[in-house]
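Residue-level listing of the chains:
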There are 2 protein chains.
Amino acid sequence: MSEGSPERERGVLAKAFDVLAAFEGSRDGLVLVELARRAGLPLTTVHRLASDMVRQQVLERLPDRRYVVGRRLWQLGLLARVQGGLRDVALPFMQDLYEATRENVHLAIRDGDQALYLERLHGRSSVPLVSRAGGLLPLHATGVGKVLLAHAPPEVVDQVIKNAEKVTPYTVTEPGRLLRELAEVRRREYARTVQEMTLGTCSVAVPVRDPDGIVLAAIGLVTTTRREPTRHLAALRMAAAGIARDLARRPGGKSTT
Amino acid sequence: MSEGSPERERGVLAKAFDVLAAFEGSRDGLVLVELARRAGLPLTTVHRLASDMVRQQVLERLPDRRYVVGRRLWQLGLLARVQGGLRDVALPFMQDLYEATRENVHLAIRDGDQALYLERLHGRSSVPLVSRAGGLLPLHATGVGKVLLAHAPPEVVDQVIKNAEKVTPYTVTEPGRLLRELAEVRRREYARTVQEMTLGTCSVAVPVRDPDGIVLAAIGLVTTTRREPTRHLAALRMAAAGIARDLARRPGGKSTT
DNA sequence: CTAAACACTTCCACTCTGCGGAAGCGCCGC
DNA sequence: GCGGCGCTTCCGCAGAGTGGAAGTGTTTAG
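The residue numbers shown here count from 1 along each chain, following its written sequence. Key to labels: chains lettered from A, ligands numbered from 1, both in the order written. A pLDDT threshold of at least 70 governs which residues receive local features in this predicted model, and a stricter bar of 80 or more applies before side-chain atom pairs are shown or counted, although totals over entire chains, interfaces and linings include all residues. Processing note: side-chain calculations cover all non-hydrogen atoms of the structure and skip hydrogens and water entirely.

### So, the relation of the copies chain A and chain B
What relates the two chain copies is a rotation about an axis together with a slide along it.
Okay, so step 1: Superposition of chain A onto chain B requires a rotation of 180° combined with a translation of 0.1 Å along the rotation axis, giving an RMSD of 0.1 Å. Here the copies are linked by what is in effect a two-fold axis. Within chain A, A:G77 has its C-alpha nearest the rotation axis, a separation of 2.3 Å. For the least-squares superposition of copies, only C-alpha atoms count, and only for residues with pLDDT at least 70 in both.

Structure (structure tokens):
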């Protein structure tokens, strides 16, 4: 294969996960030929792998020939305690925050040069967003992302700034401006964005720290531009402090990553 | 292999999912030898498979040699829209229900002869429980389970009743008594249990129906025995009706399973 | 109505991946 | 120092997995 890695990299298992990864850009499932195309594998190979995974209930084949990710993968995925179970500790505080504000509530961690959303709470009256649990969004264009970036190692900051692209016309991508923003985030301990990820929305986010003061995650709110999110700053900080407190109280005390 | 199924069943993929399944009974991760034992596979085979899955970030190996399920599997698992995305539709209603009652809120579907929990919401003051999202519990011993069982095909009811075992001394397992309870659940459209799954707790659950009236899921509350859960019946029914209404409004209109 | 396009299934000769017991290493407890 | 435990590496080879080709069935366009 052309990946420049050990040729044993492309065994059955690797191919199976290529197939599963193909669903990441999909909303409504994929027919076999499209699945093969996205996975970058021959049709027959994908046919066989997909059939095996349907048998395992990892994939499901709908009557209209589309494949979707199956419940078995969902069940197995839930066995993961991402960031040491941070999501489970944070969830009650996120619920409190949702109740208090009725806005979208996000919890995210840094995953390389992106923000990985651990959870998103929202109500039926919350502004619709592109974020979802398990999803990745740019660090430079989101509130939680800016908090995470502000506390990232310098090489990550350099990489993100070098590759920063506009998502909306308002997305800040100029290196100098971004660096000043990140310094401001560290100084005042919160980030605020206006229409940088989605037009019509703005956000505010604060860091969640471990007992050693290391920033593990960011928690944030997203509202419409008609509602100023920083008025919820006190509530956000209370939620972040509560999460930090409960993390400190746990036997392990620290995350496993 | 001795499974009596097609011999191709035991390929690499099947073994890999055997390995992942081994984590289902685990809380704190597994060392290699324990993983091999639980997966029922030779040590060398599991070593190779586990190393491949670590490379894929599907598993993670901790400094103390334990393996845990990794964030990649979590991310891929979240691509599944179990029961057609029912959880996502139901979540705002579950949040409302949690706010109104401050108790554990469950959403479950029937998975063969067990209850599969799609989501569980709880606060820091809610009574601790064994249930978790992605987990399975017996149909005959839980509130949501009894609702699901009451609306299951007769062969499922027969199987569950035949195999019913006590989880606590209060678990109802006598066939006649169970059948009468299920008839009562159908008549009054809710189930109530007292200490059948966990001592000190009781529960109430109601059906969630699709536009054709088919019971898709059950939503329920679990409280301590000191707090009568049926006083929340009206709130539960409102939540179930709201979920049903939103399900009916969706383009697909129906679940995909 | 017909042809083209598309999605999918099955075949099968062949390659090379994946197999797992054995041997050996390192660490820990007694 | 020894035994037990967890883990890593080796390696010959059997058969699992490969994928292009051919064929089937359905849908779409003219």
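Now, onward.
### Topic: the protein's contact with DNA strand D
Okay, so step 1: By convention in these notes, a residue is near a molecule or strand provided one of its non-hydrogen atoms lies within 4 Å of it. Surveying the vicinity of DNA strand D reveals 17 residues, the closest of which are A:T45, A:R48, B:L32, B:H47 and B:R61.
Okay, so step 2: A breakdown of the atoms of DNA strand D within 4 Å of the protein gives sugar and phosphate a share of 66%.
Okay, so step 3: Side-chain atoms alone can form a polar contact between residues adjacent in sequence; in general such a contact is a pair of N or O atoms within 3.5 Å, and within protein one must be able to donate a hydrogen while the other accepts it. Contact between DNA strand D and A:T44: a base nitrogen at 3.2 Å from a side-chain N or O atom of the residue.
Okay, so step 4: For DNA strand D, a phosphate oxygen lies 2.4 Å from a polar atom in the side chain of B:H47.
Okay, so step 5: Looking at the surface near DNA strand D, the elements that each hand over two or more residues are α1 (12-21) and α3 (43-55) of chain A together with α2 (32-39) and α3 (43-55) of chain B. A helix here means a DSSP run of H or I that spans at least four residues, while a strand means a run of E at least two residues long, and both kinds are numbered starting from the N terminus.

### Notes on the sheet that holds strand β4 (residues 114-121) of chain B
Residue and element names in this part refer to chain B.
Okay, so step 1: By this definition, two strands are paired if DSSP reports at least two bridges between them. Spatially, β5-β4-β3-β8-β7-β6 is the arrangement adopted by the six strands of the open sheet, whose pairing is antiparallel. Taken across any chain shown, the strands that pair with only one partner, and hence form the sheet edges, are β5 (136-138) and β6 (191-194). Between one strand axis and the next, the sheet turns through 30° on average, direction left out of account.
Okay, so step 2: The pairing of strand β7 (residues 201-209) with strand β8 (residues 215-224) spans nine bridges and is antiparallel. Each axis is a line fitted through C-alpha atoms, and for a helix only the stretch in contact is used; angles between axes span 0 to 180 degrees, taken between their N-to-C directions.

### A look at the interface of chain A and chain B
Interfaces are often sized by the amount of accessible area the parts lose when they come together.
Okay, so step 1: Contact residues are listed per partner, giving 61 residues for chain A and 61 residues for chain B.
Okay, so step 2: Each of two parts loses accessible area, computed with a 1.4 Å probe, when they are put together; buried area is these two losses added. Carbon and sulfur atoms make up 59% of the area that chain A and chain B hide from each other, which totals about 5300 Å².
Okay, so step 3: When a carboxyl oxygen of Asp or Glu is within 4 Å of a side-chain nitrogen of Lys or Arg, the pair counts as a salt bridge. Applying the counting rule to chain A against chain B returns eight salt bridges.
Okay, so step 4: B:R71 is the partner of A:D111 in a salt bridge, and the nearest nitrogen-oxygen pair spans 3.1 Å.
Okay, so step 5: Across the chain A-chain B interface, the total number found is eight residue pairs in polar contact (both at pLDDT 80 or more).
Okay, so step 6: Elements supplying a minimum of two residues to the side of chain A that touches chain B: α1, α3, α4 (71-77), α5 (86-101), β3 (104-111) and β4 (114-121) of chain A.
Okay, so step 7: The element best represented in the side of chain A that touches chain B is α5(A), accounting for eight residues. Residue contacts are counted whenever heavy atoms from the two residues lie within 4.5 Å of one another.

### Here we look at the protein's contact with DNA strand C
Okay, so step 1: Taken together, the neighbourhood of DNA strand C is formed by 17 residues, with A:V12, A:L32, A:H47, B:T45 and B:R48 sitting nearest.
Okay, so step 2: Protein-adjacent atoms of DNA strand C, using a 4 Å cutoff, are sugar or phosphate at a proportion of 67%.
Okay, so step 3: Contact between DNA strand C and A:V33: a phosphate oxygen at 2.9 Å from a main-chain N or O atom of the residue.
Okay, so step 4: Elements with a contribution of two residues or more to the surface near DNA strand C: α2 (32-39) and α3 of chain A together with α1 (12-21) and α3 of chain B.

### Describing the pairing of β7(B)
All names here are of chain B.
Okay, so step 1: Classification of residues uses two cut-offs on accessible area relative to the type maximum, computed with a 1.4 Å probe and protein chains only: under 20% is buried, over 50% is exposed, and between them is partly exposed. Most of β7 is tucked away: eight of the nine residues are buried.
Okay, so step 2: Strand direction decides the pairing type here: β6 and β7, joined by four bridges, are antiparallel. Pairing of A191 across the sheet is with A205, part of β7.
Okay, so step 3: The antiparallel pairing of β6 with β7 creates a hairpin that spans six residues between the two strands, and Q195 there sits at a positive phi of about 60°.
Okay, so step 4: Between the end of β7 and the start of β8, which pair antiparallel, lie five residues, with G213 showing a positive phi angle near 85°.

### Brief notes about the pattern of salt bridges
Okay, so step 1: Counted under the stated rule, the structure contains 40 salt bridges over all chains.
Okay, so step 2: Among the salt bridges present, the one from A:D52 reaches A:R55, with a minimum N-O distance of 3.0 Å. Of the two residues, A:D52 and A:R55 are both situated in helix α3; the distance of three residues between them amounts to about one turn of the helix.
Okay, so step 3: Through salt bridges that share partners, A:R87, A:D88, A:E119, B:R87, B:D88 and B:E119 make up one connected network.

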